[in-house]
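Here are the chains, one letter per residue:
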Amino acid sequence: TYGGKKTTLTVTVTAKQVTSIAIASKPNKTTYIEGQELDTTGLKLKVSYNNGTSEVVTSNWKISGYDKNRVGKQTVTVTYQGKTATFTVTVNSRVPSSITSNVYTVGGGWISKIPAGTTISTLVNGINEKQYIKVFKGNSEVSGNTVAGNGMVVKLMDGNTVKQSVTVVVTGDTNGDGGITITDMIAVKAHVLKKSTLSGAAAKAADTNGDNGISITDFIQIKAHILGKSKIQAR
């Protein structure tokens, strides 16, 4: 309208269209335990349109690419009005990857600081991952009130899969019977006199004073323990 006169023209208004999307905020939870469902709480998308505007969207998207039963890093795809964006989550195994303990020392393929006479039940209960632990003597599983012997093997199990194995070290128990006896004293004496050699778990058990060697001191400590004059401290 101009000066009281009118004329017309035609314009076309089309619906705005999404040109791109991006992750504005990742979900609050991005690390899962195997079997857990994906939780998108906290996920926000920045949606850009062909009219030059943008907005943050918090719903009405589709999620794909997540597998609750697949361990490892996963790329999750968010689809909104035909456009996609991705974020990464990590799915950890239900079973931890390593053996830990607040009671015993675990490292270098050994589990040590185990006193002579410790039962398998007590040993397992001192391991943080006890629900996934099995203990073996050779090929046979041992449990309950069986005495933990030097050289036994503690295994962290994920079903039938062994995730970690560590060898039991019972201080003073060179022959693996779970106690400290004259047999152990003789074995240490023979080693010191170079009549025979202790190795592996037996050598670690024979090092009763923790100096990383086998000497007359270890022999004396074992003898004193057997005679009831002193008690060997688990190392």
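For every chain, the first residue of the written sequence is number 1, and numbering continues from 1 along that sequence. Only residues with pLDDT of 70 or above have their local features reported here, since the model is predicted, and side-chain atom pairs are shown and tallied only from 80 upward, although totals for entire chains, interfaces and linings are computed over all residues. As a convention, hydrogens and water are excluded, and side-chain values are obtained from all of the structure's heavy atoms.

### Considering the sheet that holds strand S11 (residues 140–142)
The strand order across the open sheet formed by six strands is S8-S9-S13-S12-S10-S11, and the pairing between neighbours is mixed. With one partner strand each, in any of the chains shown, strand S8 (105–107) and S11 form the two edges of the open sheet. Here the average twist between neighbouring strands, direction ignored, is 35°. For two strands to pair, DSSP has to find at least two bridges joining them. Working definition: helices are DSSP H or I runs of at least four residues, strands are E runs of at least two. Numbering for both runs from the N terminus. Bridging between S8 and strand S9 (residues 110–114) involves three bridges; their strand directions are antiparallel. Considered in S9, the bridge of Thr105 is made with Ser112. Every axis in this analysis is a line fitted to C-alpha atoms, fitted for helices over the stretch in contact. Angles between the N-to-C directions lie between 0 and 180 degrees.

### What about the nonpolar core?
Nonpolar cores are built from buried Ala, Val, Leu, Ile, Met, Phe, Trp, Tyr and Cys residues. Side-chain atoms within 4.5 Å join them into one set. Burial classes follow relative accessibility: with a 1.4 Å probe on protein chains only, a residue under 20% of its type's maximum area counts as buried, one over 50% as exposed, and anything between as partly exposed. Counting 19 residues, the largest nonpolar core has Ile111, Leu123, Ile133, Val135, Val154 and Val168 as its most contacted members. Those elements that place two or more of their residues in this core are S9, helix H1 (120–125), strand S10 (133–137), strand S12 (153–158) and strand S13 (161–170). In this description, contact between two residues means that some pair of their heavy atoms is separated by no more than 4.5 Å. Discounting chain neighbours no more than four positions away, the residues touching Ile111 are Tyr104, Thr105, Val106, Leu123, Ile127, Val154, Val166, Thr167, Val168 and Val169. Within the second largest apolar cluster, 17 residues are counted, among which are Tyr32, Leu45, Val76 and Ala85.

These values are about where atoms sit, not about what they do.
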